[in-house]
Amino acid sequence: MTMLPPGSTIGILGGGQLGRMLASAAAQLGYHTHVLAPDAESVAAQSASSFTRADYHSRIVLDEMAAKCDVVTYEFENIAIEPVDYLSTKVPVHPAPAALAIAQDRASEKAFIDGIGGRTAPWRRVASLDELQAALAEIGAPAILKTLRLGYDGKGQVRIESAADADAAWRDIGQRPAILEGVVDFTHEFSIILARGAEGAMVSYPPPWNRHTDGILATSSLPAPAEIAAQWGVAAALTGRIADTLDYVGVLTCEFFATAGGPVLNELAPRVHNSGHWTIEGAVCSQFENHIRAICGLPLGDTALTAPAVEMQNLIGHAADDWVAILAEPGAHLHLYGKGDARPGRKMGHVTRLKRDL
């Protein structure tokens, strides 16, 4: 892979806060960024060098983007695969579309993980109510019914407490193709955030303990409890195996359950991740900078902690209204995403607290 020097232009598909933080990291290293997104409100555009508001499927727009950019990446996995595939014929795209295709389909993702020796929850693909009922008879309840595509932060899924709930659950997800997952008995949730370069060099961060509220990440904290630390090595090795198998370039995130039998992979994200926001101040080199380094062919950065303990707290909805009090806190680093409407469940920002005394 040819090293792209500072002054080159990085294209970013997607206009959200992950793109915003990627653009900031790129600017720090002297790169220009061009964001493409269809949204009227693009918080990524506030940090980028340039912005095009257009549909992802316009070949004219994609051709213009390829002509402007030296490399293209994406900040979310729910973009249609077709424009990413098309761009990859014109300009280098990292991570490659193959990784995106696997992450977009929950059944493909589970089959891929199982195929390389990872552990997942018991699961079955279902395309009808009859198949759902058969899967419940096999896996048992309680279980989680998840749409095959789309859905994040707890969306696109419903819990089934007993076989009698099958009909209502099937209607709740819109009678769409789905997977049924057995409920995992776990003590903690954690993630492995790994960066891989084109030549195969890899670095990963210490795993944060992730806690959720209403299906949305609430906090990520380090150092992780002993139950997570004991499974760190196995989980990191699996994440590295995934990256190598996909010939992955960029940051890859795998979310795990810590169980009595070892780590169970919940899902993977072919991108920088909310559970890695703490790395901006809490690690020597952030996940965003390491993603930029990887896709530009630069040496990967140090992932060590910068403080004995770190906690990232998401600011959901009107929690961001406490910004004045947060700014007054010693050791607190506030990030507001520039979004207008503080709706319930909407990620408006985050705060990372560096704790010098354990």
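Worth saying up front: this structure is predicted, and the values here are computed from it rather than measured.

(A) Examining the packing of aromatic side chains more closely. This model, assessed by the stated rule, comprises four aromatic pairs. On the numbers, 4.6 Å between centres and 25 degrees between planes, the contact of Phe186 with Phe257 is stacked. Placement of the pair is Phe186 in the loop between strand E8 (178-182) and strand E9 (188-196) and Phe257 in strand E13 (residues 250-259), with a sequence separation of 71 residues. Its relative accessible area of 34% is what places Phe186 among the partly exposed residues.

(B) Broad picture of unusual backbone geometry. The omega angle of the peptide bond from Ala141 to Pro142 is 5 degrees, so this bond is cis rather than trans. Within the fold, Pro142 resides in the loop between helix H6 (129-139) and strand E6 (143-147). Going from Leu222 to Pro223, the amide bond is cis rather than trans, its omega being 0 degrees. Tracing the chain through its elements places Pro223 in the loop between strand E12 (216-222) and helix H8 (226-229). Notably, Asp214 is not glycine yet its phi reads approximately 55 degrees, a positive angle. Along the chain, Asp214 falls in the loop between strand E11 (209-213) and E12. Located in the positive-phi region is Asp247, a residue other than glycine, with phi close to 50 degrees. Here Asp247 lies in the loop between helix H9 (232-245) and E13.

(C) The packing of helix H4 (residues 97-104) against helix H5 (residues 106-115), seen in detail. One way to put it is that H4 packs onto H5 with a least axis distance of 5 Å and a crossing angle of 110 degrees. Classed by the angle they form, the pair H4 and H5 counts as roughly perpendicular. Where H4 approaches H5, its residues Ile102, Ala103 and Gln104 are matched on the opposing element by Arg106, Ser108, Glu109 and Phe112. Along the lines of polarity and charge, the residues of the contact of H4 with H5 split into three nonpolar, two polar and two charged.

(D) Seen up close, the sheet that holds strand E1 (residues 9-13). Strands sit in the order E3-E2-E1-E4 across an open sheet of four strands; the sheet is parallel. Only two strands of the sheet have a single partner each, and these edge strands are strand E3 (50-53) and strand E4 (71-74). Across the sheet, the mean angle separating the axes of adjacent strands is 20 degrees when strand polarity is ignored. Relative to E4, E1 runs parallel, the two being bridged by four bridges. By the bridge assignment, Ile10 is partnered in E4 with Val71. The sheet strands contacting helix H1 (residues 17-28) are E1 and strand E2 (32-37), and the helix crosses E1 at an angle near 175 degrees.

Cut-offs applied
- Residues numbered from 1 in each chain as written.
- Predicted model: local features only at pLDDT ≥ 70, side-chain atom pairs only at ≥ 80, totals over all residues.
- Heavy atoms only, no water.
- Phe/Tyr/Trp six-rings, centres within 6.5 Å; stacked < 30°, edge-to-face > 60°.
- Helix = DSSP H or I, 4+ residues; strand = E, 2+ residues; numbered from the N terminus.
- Buried < 20%, exposed > 50% of the residue type's maximum accessible area, 1.4 Å probe, protein only.
- Axes fitted to C-alpha atoms, helices over the stretch in contact; angles between N-to-C directions.
- Parallel < 35°, antiparallel > 145°, perpendicular 65-115°, else oblique.
- Contact = heavy atoms within 4.5 Å.
- Nonpolar A, V, L, I, M, F, W, Y, C, P; charged D, E, K, R; others polar.
- Pairing = 2+ DSSP bridges.

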